[in-house]
Amino acid sequence: MSVPYPVASRGPEDAPARPGSASERNMPAPGHDGSWDGPTYYGRPALKPAPFEAEVVGGYIFLAGLSGASALIATVADVTMGERAAGAVRRGRYTALLAPTIGSALLVYDLHTPERFFNMFRVAKATSPMSIGTWILVGFSGCAALTAAAQYASDRGAAPRTARAAARAASLPAAVLGAGLSTYTAALLAATSTPLWAAAPRALAVRFGASAVACGAAALWLGERDGGLARRLETLAAAALAVDLAGDAVSAIAYRRKGVAPAMAGPAGTLEKVVGTGLGAALPLALYAASRLAGRRPPALGTLAALAILVGGAAFRTSIIRAGATSAERPDVSFRFMQPDNLPD
Amino acid sequence: MDNVFHMHPRAAEHHQSSLDRVIPNESELTAGVRIEPGKSYGFFTDTTVCIGCKACEVACKEWNNLPADNLGLSGQSFDNTGALSANTWRHVAFVEKSGAGGVRAQEQQPFQSGWLMMSDVCKHCHHAPCMEACPTGALFKTEFDTVVVQQDICNGCGYCVPACPFGVVEVSKLDGKAHKCTLCYDRLKGGLEPACAKSCPTDSIQFGEVSDLQGRARRRVADLHARGVPQAYLYGTPGAPGATGGMSHLNAFFLLIDRPEVYNLPSAPSRPSRRVAPSLFSGLAAVAGLTLAAALLFSDAERRA
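Conventions adopted
Residues numbered from 1 in each chain as written. Chains lettered and ligands numbered in written order. Predicted model: local features only at pLDDT ≥ 70, side-chain atom pairs only at ≥ 80, totals over all residues. Heavy atoms only, no water. Contact = heavy atoms within 4.5 Å. Salt bridge = Lys/Arg side-chain N within 4 Å of Asp/Glu carboxyl O. Polar contact = N/O pair within 3.5 Å; in protein donor to acceptor, adjacent residues only side chain to side chain. Helix = DSSP H or I, 4+ residues; strand = E, 2+ residues; numbered from the N terminus. Domains from an automatic or database assignment. Buried < 20%, exposed > 50% of the residue type's maximum accessible area, 1.4 Å probe, protein only. Arc of directions from axis to C-beta. Pairing = 2+ DSSP bridges. Axes fitted to C-alpha atoms, helices over the stretch in contact; angles between N-to-C directions. pLDDT = per-residue confidence, 0-100. UniProt positions renumbered as here; feature names shortened; annotations may be inferred. Core = buried A, V, L, I, M, F, W, Y, C linked by side-chain atoms within 4.5 Å.

Draft legend 1. A look at the interface of chain B and chain A. Chain B puts 90 residues into the contact, and the matching count from chain A is 90 residues. Between chain B and chain A we count one salt bridge in total. Summed over the shared surface of chain B and chain A, the number is 33 residue pairs in polar contact (both at pLDDT 80 or more). Mapped onto the side of chain B that touches chain A, the elements with two or more residues apiece are β2 (90-96), α3 (129-133), α4 (160-163), β6 (170-171) and α8 (276-304) of chain B. With 20 residues, the top contributor of residues to the side of chain B that touches chain A is α8(B).

Draft legend 2. Structural context of the domain arrangement of chain B. Assigned domains of chain B: these are domain 1 (30-98 + 110-270) and domain 2 (275-305). Inter-centroid distance (C-alpha atoms) of domain 1 of chain B to domain 2 of chain B is 47 Å.

Draft legend 3. Spatial organisation of the pattern of salt bridges. All names here are of chain B. One pass over the structure, following the stated rule, counts 26 salt bridges over all chains. As a salt-bridge pair, glutamate 28 and arginine 34 come within 3.1 Å of each other at their nearest N and O atoms. Under the relative-accessibility criterion, glutamate 28 is labelled buried at 13%. The salt bridge partner of aspartate 223 is arginine 227, with a shortest N-O separation of 3.3 Å.

Draft legend 4. View of unusual backbone geometry. Residue and element names in this part refer to chain B. Despite not being glycine, serine 77 shows a phi value in the positive range, around 50°. In this structure, serine 77 sits in the loop between α2 (55-64) and β2. Of note in the backbone geometry, aspartate 203 takes a positive phi value of approximately 60° without being a glycine. With respect to the helices, strands and loops of the structure, aspartate 203 is situated in the loop between α6 (195-199) and β8 (205-209).

Draft legend 5. Representation of α2(B). Residues and elements named next belong to chain B. For α2, the full list of buried residues reads Cys56, Glu57, Ala59, Cys60 and Asn64. Each buried residue of α2 lies within a common arc of 170° when the element is viewed along its axis, so the set occupies one face. Positioned one or two residues after α2, asparagine 65 has a phi angle of 60°, which is positive.

Draft legend 6. Representation of the sheet that holds β8(B) within the structure. All names here are of chain B. Pairing within the open sheet is mixed, and its four strands lie in the order β8-β1-β10-β9. Looking at which strands have only one partner, the edges of the open sheet turn out to be β8 and β9 (233-235). Between one strand axis and the next, the sheet turns through 25° on average, direction left out of account. Sheet topology note: the strand β1 (residues 41-46)/strand β10 (residues 252-256) ladder contains four bridges and is parallel. Within β10, the position partnered with aspartate 46 by the bridge is leucine 255. Contacting β1, β8, β9 and β10, helix α7 (residues 210-226) runs over the sheet at an angle of about 135° to β8.

Draft legend 7. Quick look at the confidence of the model for chain A. Overall, the predicted model of chain A reaches an average pLDDT of 90, with 90% of residues at or above 70. Contacts for the low-pLDDT stretch residues 13-34 of chain A, under 50 throughout, to residues beyond four places or in other chains number 37 contacts.

Draft legend 8. How the structure looks around the UniProt feature "binding site: [4Fe-4S] cluster 4" (unreviewed entry) in chain B. As annotated in UniProt, the feature "binding site: [4Fe-4S] cluster 4" (unreviewed entry) corresponds to B:Cys134, B:Cys154, B:Cys157 and B:Cys160 in the numbering used here. Taken together, the annotated residues stretch across 27 residues yet fold into one region, lying no more than 10.5 Å apart by C-alpha. Examined against the element boundaries, B:Cys134 turns out to sit in the loop between α3 and β4 (139-141). Assessed through its relative accessible area of 7%, B:Cys134 is described here as buried. With residues near it in sequence (within four places) discarded, B:Cys134 still touches A:Lys125, A:Ser128 and B:Leu139. Structurally, the position occupied by B:Cys157 is in the loop between β5 (147-149) and α4. When its relative accessible area of 8% is taken as the criterion, B:Cys157 is described as buried.

Draft legend 9. Quick peek at the nonpolar core. One finds B:Phe43 and B:Phe207 to be the most contacted residues of the largest nonpolar core, which totals 73 residues. Residue contributions to this core peak at five residues, all from β10(B). With near-sequence residues (within four places) excluded, B:Phe207 lies in contact with B:Ala31, B:Val33, B:Ile35, B:Tyr41, B:Gly42, B:Phe43, B:Leu183, B:Leu188, B:Glu193, B:Pro194, B:Ala197 and B:Leu213. A:Phe52, A:Tyr60, A:Ala144 and A:Ala191 belong to the second-largest nonpolar core, a separate cluster that totals 56 residues.

Draft legend 10. The side chain of B:Arg10, seen in detail. All names here are of chain B. By secondary structure assignment, the location of arginine 10 is in the segment before α1 (26-30). Among the polar contacts made by the side chain of arginine 10, one reaches the main-chain carbonyl oxygen of proline 24 at a distance of 2.4 Å. Arginine 10 has contacts with Ile23, Pro24, Asn25, Glu28 and Leu29, leaving out every residue within four places of it along the chain.

Right, dumping it as structure tokens:
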């Protein structure tokens, strides 16, 4: 695309520092960052970061993924293995309650006018992933609550046959909505103007989905006594982590190519690399591979791997929220990102 | 050219200095346009005639009863406002072009080569990303094709804030609701042009029907080109910078004479809602694949048992 303005032009030169201004927050001066050599306006942000609390929203995204994937995996185990997977199915159905309860509470807490949370139910909009997610969460909450209630009834021996049938009937829509619940959060971030979130919409969604499945499998692994099922949950987690790592590699390329990589250079990016990817994906994969090669599986290592997946999954979401805010606050990143060569086709 | 002062014939009906009532369709007298529902209204901000007086900022604060943001000096030329925010819906940007190293140049090229001033405002995008993102329907398109936050609906989720590609909307810490320029929705309803446009002493801010304004702006660019300002261009008209990536056009658009980034505007913003489907379906595909893997793994376990 040809542009009508002179591209060699500079912005305000030798902009004096201002307390709390971009230059005092150790942001690179205009033109001193490899990704952007054009002008900025006194280094001031060109975008506003989302007013989300990283731990709250990151925590919700993590719980949504964990709950959705738990419901999904429990349903698959129920359908394919039936009674033999009863323990994993029960735990999965109860874990699925995390998003409707704690997750919803976190969402309401993050509103700046929480007493009006019900206004989310005024409309349904396909252009707004937050609206899509609201309705997915509502549907999932209903189905997961019904499933868990029926499960509880059958656990207590109240009308066991009816309760089991009801649990299975409610768990099928819960599984479908659970898939949506664990991935719509990526669309929520990608469908913004925040450069880091918008730079790799597909890879981010694949990572969120895969990481959710890994977290669900890890959560169900904890407490699984059936060796055969535990091994298969490990394999499922390993496959999901491999997909996650592939998505990580793809998104890293996109971040570099679209000039948003500097936003990952800070503490949030380090957390994402060390805890999110290193502890949460690379370490468990290595542990699984090592135990497979050694032919034996010390339970402690399996527990370590499962916990690492869960901690890493939570850290990954939180650090993406944080790094996104950094990318919005840095004009060098946002201006580089919003250049004609980065426009979608 | 248009050097003669044209008075609208209706102005003769209001000769007294203090009026006892609101003039019906006052905008016809002040902006030469009658405000009617169903038409598109917006701003054409011609930065080449902005003198940086900030009358627009003051008029906006006065009319909309907006609290002060930061008191004090920024040290960034005459821009002590800084940015658009929940409480600042017009922001005059100042760019001192000449004088590197703190020493002002002794000689300047004619015509604004040393100074750039621009009154920034909400762009009232045709496909407004904030409105598309709003999960409560608080953000809506008015009958004047402008974008407004309904304060009695907004629950402060803040999702419109990262949606905006221009950094306009903000959630107020005072009341926990999102705020931005309403293009003086209340004034438009009463037949008045927006406060900033009415107060602008140089007509840098022009209010009117978007199609009229676009034509006026194109003529202004052609005029500037003919007068030896070849770098003048429009930002936010169809096909121009600022209206890229599915944004169609901005109802509040600008005439600039330097790169958009110099004025703190992005060159090529894109419409965020276009990323919903790719992201959603890629994630679902990944989960579907892993679900299939789980089904194969588990049924294999069942067979071996």
